Amino acid sequence: MPELGHAALLVTLGLVLYALGAGAAAAHLGRRRLAHSARNALVAAFFSTLVAAAVLVTALVRHDFSLVYVAEHTSRELPTWYTISAFWGGQEGSLLLWLLVLTGFGALAVRLNRRWAGDLIVWVVPVFAAVATFFAFLLVAVANPFETQPAPSDGAGLNPSLQNPYMLAHPPLLYLGYVGLTVPFAFALAALLSGRTDERWLIATRRWTLLAWTALGVGQLLGAHWAYVEVGWGGYYAWDPVENAALMPWLAATAFLHSVMIQEKRGMLRIWNMVLVIGAFSLSLFGTFLTRSGVVNSIHSFTQSSIGPWFLGFIGVTVGVSLAVLFWRLPLLRSPTRLESPFSREAAFLYNNLLLLALCLTILWGVVYPLLSEAVRGESVVLGRSYYDFFLRIFGLPLLLLMGMGPLVAWRRASFRSLVTTFRWPTLVALVAGVVLILLGSGSSIPGLVTYTFASFVGATIVIEFARGTRARKALGATSWLGAFTSLIGRNRRRYGGYVVHAAIVLLAIGVAGSSAFQTVAPDTKLRPGQSMRVGGYTLRYRQLTQHQGANALEERAHLAVLRGGKPLGSLAAGKNAYAVEQQVSNEVGIRTDWLRLEDLFVIADQIDPNGTVYFRVFVKPLVNLIWIAGIVFVLGSVITLWPDAREQRRLVSRSYEVGIPAASS
Amino acid sequence: MTAAALVLAALLAAGCVVLVALPFLREPDPESDDLGELDEAERQRLELLEARDRALTALKELEFDHRTGTVSDEDYRQLVGPLRRDAATALQALERERGEAAADEDVRKGRPTRERTLSG
Amino acid sequence: MARSSNSPRIARRANPARLVIALSVAAALAIFLVYTSIAGGGNPSIQPSALPGHKGQVQLAGRVVGPVRGDAHAGGLRFALRDVGGTRATEVPVVYTGSVPDLFRAGRDIVLQGRLRKGTFVADPGTMITKCPSKYSPKRSGGSA
């Protein structure tokens, strides 16, 4: 059925072109039926893209190797889940996923808001359609997923390291994030184009932005976890351009999420918010471009592909047009209020914006520097890990501290006395923690110590906020402490959900600091069966080497007995898998997690000699599991913040009623 | 397979065309094709409403912060004044706008202008 | 505080936001300049054909040419590296110690850090990274968290 798939994509292209043209005309001329028709075209585009996607999934599941795409990314013996995940494993399929999610989100966002923000929606439709046109064009003309060939007997198979549950979830989540950021972008641009720079675009897109931001964050954590356990080089983040490609839009989106609170409450930072949302979306496109075009030297590099120049061109057009529209509407964005004091909550949010932006730009510079230096000097210079680590500390540590200080600083102007009062307890906690940590030996790494101290400061502020709020609710007449706690969160979802997310970041910071600044490494230890080695308090005794024929690979494992302080703790196996079909060898690391101490004993069997001698590389990573726990807390906090709030809904409905516009339909 | 694909593709295209043409098919001769956007007065009212809600929310937040102890009694006394003033200004502006809108409505409909009560 | 909307004081009161932003940007740039001047820009990433005569630390990216001899953990792994898409004339002998990624073999594209010493490229231990042959999968060893 590949012709059906290709035809469906052609239909999509036609529909989004229509939505673009008709939508823009309808918005400009104020034609109701034409606007409705353009909206329907966007919805129809989703359905026809869905048909194309269904064709591809069917072809994958039926092992239809007459499709080049299916043959390149699957094989007969591949388990079904991984066969389906091959949908987004290659370039053409991932573009199709982008388009599917894009049209889906567009249709939904437009439908939900068509009544109470109708004058915005008329402009949202053409903006969405413009982005969709680009992807549809690529799929039809440049990167066709439905190319056919005489069918080979079996396909090339999926890279074994991708046959892993984390790799099932990681790309779709990232794509939900990237594409999700299109929604606030489209609404922002629509607000500018229509001249409707009131709050409605913010209110309409708040949950979309949160969802996209959460998906992007979780997607990155899953990718990091996959790199940690599956690729097994001893770390979870390498500052590789493709990793940075997802981090940059996430940082910009973080700044945007916080900055819009200031616009909602004080009407300030309007121009900032426009710039941030345009930046976040452009960085999403850039991230997709980096991952898929092979332009930057990266271990994720693909062959130089044909879509690179197209992507670059589209990003240029997007940035250019958005900034032009922003400049045109600048007079509308002047805020009625201004910053009164550098010591105020507004100022704290401004610093937050600046630090996040600085970190984001630093990473961007690091990513494009090899390209620039090659263009200018003819020689591409790569900035190493130390560059990123330095700037992560310089900008990240103040950000961490700010996370604790921001919620405690008063609006408009904070007096020195009030600052002293609110910061007294957290500062004490942090100082005590710092001293205790130094006594425990954390002084061996200054950045690590500073991170821990700042983290305790922020942790203390969060705990105090929850405690104070619960006590206040109990005083208001709640039945029990638990009741007071739940009703506190229930009535202030955004604030306390936000605090939970901040707690997740604190855990993340502690985990990252512990596992990098305070890790112990035994880089290169040669052991014969029977020999032992010592690292970070553990003793490892290499017992024997085994070989076992698994489902699709020959599994070679070195078995070690683990002891600490003479007490046996169990055993560990590390080694390699040799995959016959894919002709590849993969590293299988052995990890022993100590859940009490949250640390990992991480063993890599680097080289296995035929006589049984093995070269081991061993890491002891303290607190590394806090990173994964932080991911769970992060999701919890986001869910709390995202949860529908009946009271907020009522307020918006009554406001719409007072103006005379129909209320939101959901 | 190609014949089936062709038929399905044709069905898809036809369905999409119908969906796109639906607004015109349903209303071939409408009374008004105008988008019904907010006019100047409605936009002003929306802005005033947003200003009012912003001021009221700021007051509520201050109360909350004071009750939980984040803001001391002294600071509360200092801060609550300007916020109350902002809220009052916003409410007054809204009242005034409502009054003017009602008066305009009267003029348009040819009714005798009603008495305007002064607020506050 | 008394509010007077006609006082010239308002005209002279600078918007703190602008000052804050300007200072922050200046601070960030200063940090950046200090860093790059102290820690250096980074290592040039070059192909083997451009290596001869290049003194100092570089990042070498190329294709592995066999035969591959020796032991990376004892004495060093020896092979040659040529330009990706280049001819045998661009070959450079390489000696490497440290952990070897699983994907390493003749014909693969790899990246190494090190420097040229007496005609042989001596790689820094553990700095080998292999480019994945198929799309969308990273494989590396070397480097820490």
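To start, this report covers the structure provided alongside it. (Residues numbered from 1 in each chain as written. Chains lettered and ligands numbered in written order. Predicted model: local features only at pLDDT ≥ 70, side-chain atom pairs only at ≥ 80, totals over all residues. Heavy atoms only, no water.)

What to know about the overall build of chain C
Here comes step 1: The helix and strand tally for chain C stands at two helices and eight strands.
Here comes step 2: In sequence order, chain C lays out its α and β elements as α-α-β-β-β-β-β-β-β-β.
Here comes step 3: Taking all 145 residues of chain C together, the buried fraction comes to 43%.
Here comes step 4: In chain C, of all internal contacts separated by at least 6 residues, the share reaching a separation of at least 24 is 48%.
Here comes step 5: Carbon and sulfur atoms make up 58% of the accessible area of chain C, which totals about 7700 Å². (Helix = DSSP H or I, 4+ residues; strand = E, 2+ residues; numbered from the N terminus. Buried < 20%, exposed > 50% of the residue type's maximum accessible area, 1.4 Å probe, protein only. Contact = heavy atoms within 4.5 Å. Areas by Shrake-Rupley, 256 points an atom, 1.4 Å probe, with all protein chains shown as cover.)

Topic: the sheet that holds strand E3 (residues 532–535) of chain A
Residue and element names in this part refer to chain A.
Here comes step 1: What the five strands build is an open sheet, ordered E3-E4-E5-E6-E7; its pairing is antiparallel. A strand with exactly one partner marks an edge of an open sheet, and here the two such strands are E3 and strand E7 (584–588). Shown here is a sheet whose adjacent strand axes are inclined to one another by a mean of 25°, direction ignored.
Here comes step 2: Where E3 lies against strand E4 (residues 538–549), four bridges are found, and the strand directions are antiparallel. Across the sheet, residue serine 532 finds its bridge partner in E4, namely arginine 541. (Pairing = 2+ DSSP bridges. Axes fitted to C-alpha atoms, helices over the stretch in contact; angles between N-to-C directions.)

Quick word on the environment of tryptophan 365 of chain A
Here comes step 1: On the secondary structure map, tryptophan 365 of chain A appears in helix H13 (residues 345–377).
Here comes step 2: In sequence terms tryptophan 365 of chain A and valine 61 of chain A are 304 residues apart; their C-alpha atoms lie 42 Å from each other.
Here comes step 3: Filtering out sequence-adjacent residues up to four positions away, tryptophan 365 of chain A remains in contact with Leu372, Leu383 and Tyr387 of chain A together with Phe32 of chain C.

Considering empty space enclosed by the protein
Residue and element names in this part refer to chain A.
Here comes step 1: Applying the stated criterion to the full structure yields five cavities of 30 Å³ or more.
Here comes step 2: Around the largest cavity, the lining comprises eleven residues; the ones closest to its centre are Ser85, Trp88, Gly89, Leu162 and Met167.
Here comes step 3: Elements supplying a minimum of two residues to the lining of the largest cavity: helix H4 (80–85) and helix H7 (165–180).
Here comes step 4: In terms of residues, the lining of the largest cavity owes the most to one element, H7, which gives three residues.
Here comes step 5: The class makeup of the residues in the lining of the largest cavity is eight nonpolar, three polar and no charged. (1 Å grid on protein atoms, 1.4 Å probe; cavity = no way out; pocket = protein on both sides within 12 Å on 5 of 7 lines; lining within 4 Å. Points joined across faces, edges and corners; volume = space filled by probe spheres on them. Nonpolar A, V, L, I, M, F, W, Y, C, P; charged D, E, K, R; others polar.)

What to know about the packing of helix H6 (residues 118–142) of chain A against helix H12 (residues 307–328) of chain A
All names here are of chain A.
Here comes step 1: Relative to each other, H6 and H12 sit at 165°, their axes nearing to 12 Å. Taken as axis vectors, H6 and H12 run roughly antiparallel relative to one another. Here H6 and H12 pass one another in a crossing that is right-handed. Where H6 abuts H12, its residues Ala130, Val131, Phe134, Phe135, Phe137, Leu138 and Val142 lie against Ile307, Trp310, Phe311 and Phe314.
Here comes step 2: Grouping the constituent residues of the contact of H6 with H12 by class yields eleven nonpolar, no polar and no charged. (Parallel < 35°, antiparallel > 145°, perpendicular 65-115°, else oblique. Left-handed = near helix turned anticlockwise from the far one by under 90°.)

Things to note about helix H1 (residues 2–26) of chain B
Here comes step 1: Here H1 of chain B contains 25 residues, and its C-alpha end-to-end distance of 35 Å stays within 8% of the 36 Å for a straight helix at 1.5 Å per residue.
Here comes step 2: In H1 of chain B, a bend of some 45° at valine 20 of chain B exceeds every other bend along the element, and proline 23 of chain B, a proline, comes one to four places later.
Here comes step 3: For H1 of chain B, every residue scored as buried is listed here: Ala5, Ala9, Leu12, Cys16, Val20 and Pro23 of chain B.
Here comes step 4: Looking at the buried residues of H1 of chain B, the elements they touch are helix H1 (2–29) and helix H2 (32–61) of chain A. (Expected span 1.5 Å × (residues − 1). Bend = angle between axes of the 7 residues up to and from the residue.)

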